[in-house]
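# Report on the structure
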Amino acid sequence: MLTITAPELLEGIVEIDETYCGGSESNKHASKRTVRGGAGNKAMVLGAVERGGEVRVKVIAKTDQQNVIPVIKEFVAPDTIMVTDEHHAYNKLHLDYTHKTVNHREKEYVRYEDIKVHTNSIEGYWNILKKQINGIHHSVSQKHLQRYCNESAFRYNRRKTAQDERFADALANSEGTLKWKALTAKKA
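Within every chain, residues take consecutive numbers counted from 1 along the sequence as written. It should be noted that, the model being predicted, local features are given only for residues of pLDDT at least 70 and side-chain atom pairs only at 80 or more, the latter also being counted only at that level, while totals for whole chains, interfaces and linings use all residues. Think of the side-chain values as coming from all heavy atoms in the structure, minus any hydrogens and water.

### Some words on the overall build of the chain
Only DSSP runs of H or I with at least four residues qualify as helices, and only runs of E with at least two residues qualify as strands; both kinds are numbered from the N terminus onward. What the chain contains, in helices and strands, is five helices and seven strands. In sequence order, the secondary structure elements of the chain are arranged as β-β-β-α-β-β-β-β-α-α-α-α. Any two residues having at least one pair of non-hydrogen atoms within 4.5 Å are treated as being in contact. Residue pairs in contact within the chain that sit at least 24 positions apart in sequence constitute 58% of those at least 6 positions apart. Surface summary for the chain: the accessible area is close to 11,600 Å², and the carbon and sulfur share equals 51%. A 1.4 Å probe and the Shrake-Rupley method give the accessible areas. Residues count as covered only by the protein chains that appear here.

What follows is the structure, given as structure tokens:
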């Protein structure tokens, strides 16, 4: 299993966003649907990307301040410029960071201030992650979603390295093998 030990904190301009991973409710049989619209029982993933730099992702239980803020502090250095959408979980980021927002409800996607205020980099990463899940893995369980997110982040963070170097790096950062019993066990 691939691990990142003590990753460096993201700095500069960092974009934060969340996404939901899981099958579409409309693709399920009517008796299996949990909600009309909304997240349903999809897994929530929080991501942070440094503009021109690396990405960090983590599967979280809920997109509320109690779950989001500690993860952001784990990913991002203090005194960083944060760019987010207007999700309520980001309301207190201004206490620790310079916080700028774009209002997607008002069709605002880019605003020019002293910097370009947008979340396009993290939105682009979500596209890569979801295409990887749908195109390579076809579907993933919530139990192993963090592993798939780690793999996608590893690929993204090494997008400028040659394939053989990326392979050697993956082997060097591997914890060894994932045993079948651990893979199929009920608890993660």
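### A word on the nonpolar core
Of all hydrophobic cores here, the largest spans 18 residues; its most connected members are Ile16, Leu46, Ile72, Val76 and Met82. Elements supplying a minimum of two residues to this core: strand E1 (13–21), strand E2 (43–50) and helix H1 (65–75). When residues of this core are assigned to their parent elements, the largest contribution, five residues, is made by H1. Non-local contacts of Ile72, meaning those with residues more than four positions away in its chain, are made with Ile16, Leu46, Met82, Tyr90, Leu93 and Tyr97. Residues grouped as a nonpolar core are buried Ala, Val, Leu, Ile, Met, Phe, Trp, Tyr and Cys residues, joined through side-chain atoms within 4.5 Å. The cut-offs for exposure are 20% and 50% of the maximum accessible area for each residue type, with area from a 1.4 Å probe on protein chains only; residues under the lower value are buried, those over the upper are exposed, and the others partly exposed.

### What to know about the packing of helix H2 (residues 120–137) against helix H3 (residues 145–157)
Between N-to-C directions, angles cover 0 to 180 degrees, with each direction set by a line fitted to C-alpha atoms, over the stretch in contact for helices. Two elements in contact, H2 and H3, have axes separated by 10 Å at closest approach and are oriented at 120 degrees. As for the relative orientation of H2 and H3, their crossing is right-handed in sense. Here Tyr125, Ile128, Leu129, Gln132, Ile133 and His137 of H2 come into contact with H3, specifically with Leu145, Tyr148, Cys149, Glu151, Ser152, Ala153, Arg155 and Tyr156. As a working rule, the residues Ala, Val, Leu, Ile, Met, Phe, Trp, Tyr, Cys and Pro are called nonpolar, Asp, Glu, Lys and Arg charged, and the rest polar, with Gly in that last group. When the residues that make up the contact of H2 with H3 are grouped by side-chain class, the tally is nine nonpolar, three polar and two charged. Each helix crossing is assigned a hand: it is left-handed if the near helix lies turned anticlockwise from the far helix by less than a right angle, otherwise right-handed if that turn is clockwise.

### Focus on the confidence of the model for the chain
The predicted model of the chain averages 84 in pLDDT, with 87% of residues at 70 or higher. Values of pLDDT, ranging from 0 to 100, describe the predictor's confidence in every residue of the model. By mean pLDDT, the top-scoring element of the chain is strand E3 (residues 55–60) (94), and the lowest-scoring one is helix H5 (residues 180–184) (79).

### Comments concerning unusual backbone geometry
Of note, the phi angle at Asp79 is positive, near 60 degrees, even though the residue is not glycine. Looking at the element boundaries, Asp79 is found in the loop between H1 and strand E4 (81–84). Residue Asp79 is classed as exposed on the basis of its relative accessible area, which comes to 70%. Positive phi is not limited to glycine here, since Lys107 has a value of about 60 degrees. Note that Lys107 resides in the loop between strand E5 (98–101) and strand E6 (111–112). The class of Lys107 is exposed, set by a relative accessible area of 64%.

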